[in-house]
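Each chain is listed here by its residues.
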Amino acid sequence: DRAFAYCLSLRKATLSPNVPAVPDNCFLGCDALEVVEVPIGVQSVGFQSFAKCAALQMIALPGGLTSIGRYAFYDCSGLLMIQIPDSVTEIADSAFIGCPVELTLAGEAGSYAQTYADRMGYPFTDTRAWYDEIAAIPTEGEYGLLIGEAEPVETAVLPGVVENYRVLKVFDGT
């Protein structure tokens, strides 16, 4: 608990794959936290784990996660999108209290994430639609993402996993 709470200069956090849960209050009040990498294997996000992380705008939670605890993202004033895997079966009603009204929950249509979004009044986007325009391509033993031509955008949200491979980096192909 409170492992990194109020570390005001912490900007990026990568959790170990050996951690089964994001502990209660782990990143509470980390105002500068912008990027969090939660690995496959993490099963739950605890009480106030990311509460008051004002700089956090987007987060993709891994497949296998089953629950998001009370006030987990409380008062994350910059949070605009959270990708929730279809393995999640429990989200506390208070998980996103204090987040912007623009917060969009992303997940698979028909999943618990969509049911929760509908019940709580959050916008929802179907991540399966993303795969219609994104293809995994082999590149020297790794996989890259090939994204069709599109109009320039300010922000792009990419899936954390494509065809059972984690997305580790994005490049422009040049």
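Residues numbered from 1 in each chain as written. Predicted model: local features only at pLDDT ≥ 70, side-chain atom pairs only at ≥ 80, totals over all residues. Heavy atoms only, no water.

## Remarks on the sheet that holds strand β5 (residues 58-60)
Piece 1. Across the sheet, which stays open at both edges, the four strands sit in the order β5-β7-β9-β10 with parallel pairing between neighbours. This sheet does not close on itself; its edge strands, each paired only once, are β5 and β10 (124-126). Put simply, the sheet's adjacent strands are angled 15° from each other on average, direction ignored.
Piece 2. Note that strand β9 (residues 104-107) and β10 share three bridges and pair parallel. Each bridged residue has a counterpart across the sheet, and for Gly107 the counterpart in β10 is Asp126. (Pairing = 2+ DSSP bridges. Helix = DSSP H or I, 4+ residues; strand = E, 2+ residues; numbered from the N terminus. Axes fitted to C-alpha atoms, helices over the stretch in contact; angles between N-to-C directions.)

## Quick word on the pattern of salt bridges
Piece 1. In total, this model carries four salt bridges according to the counting rule given.
Piece 2. In this structure, Lys12 and Glu37 form a salt bridge, with 3.4 Å as the shortest nitrogen-oxygen distance. Taken together, the residues span a long stretch of sequence, with Lys12 in strand β1 (residues 12-14) and Glu37 in strand β3 (residues 35-37) at a distance of 25 residues.
Piece 3. Note on Glu37: relative accessible area 32%, which makes it partly exposed.
Piece 4. With a closest N to O distance of 3.7 Å, Asp75 and Lys52 form a salt bridge. Within this pair, whereas Asp75 is found in the loop between β6 (67-68) and β7 (81-83), its partner Lys52 is found in the loop between β4 (44-45) and β5, the two being separated by 23 residues in sequence.
Piece 5. Exposure remark for Lys52: the relative accessible area of 33% places this residue in the partly exposed category. (Salt bridge = Lys/Arg side-chain N within 4 Å of Asp/Glu carboxyl O. Buried < 20%, exposed > 50% of the residue type's maximum accessible area, 1.4 Å probe, protein only.)

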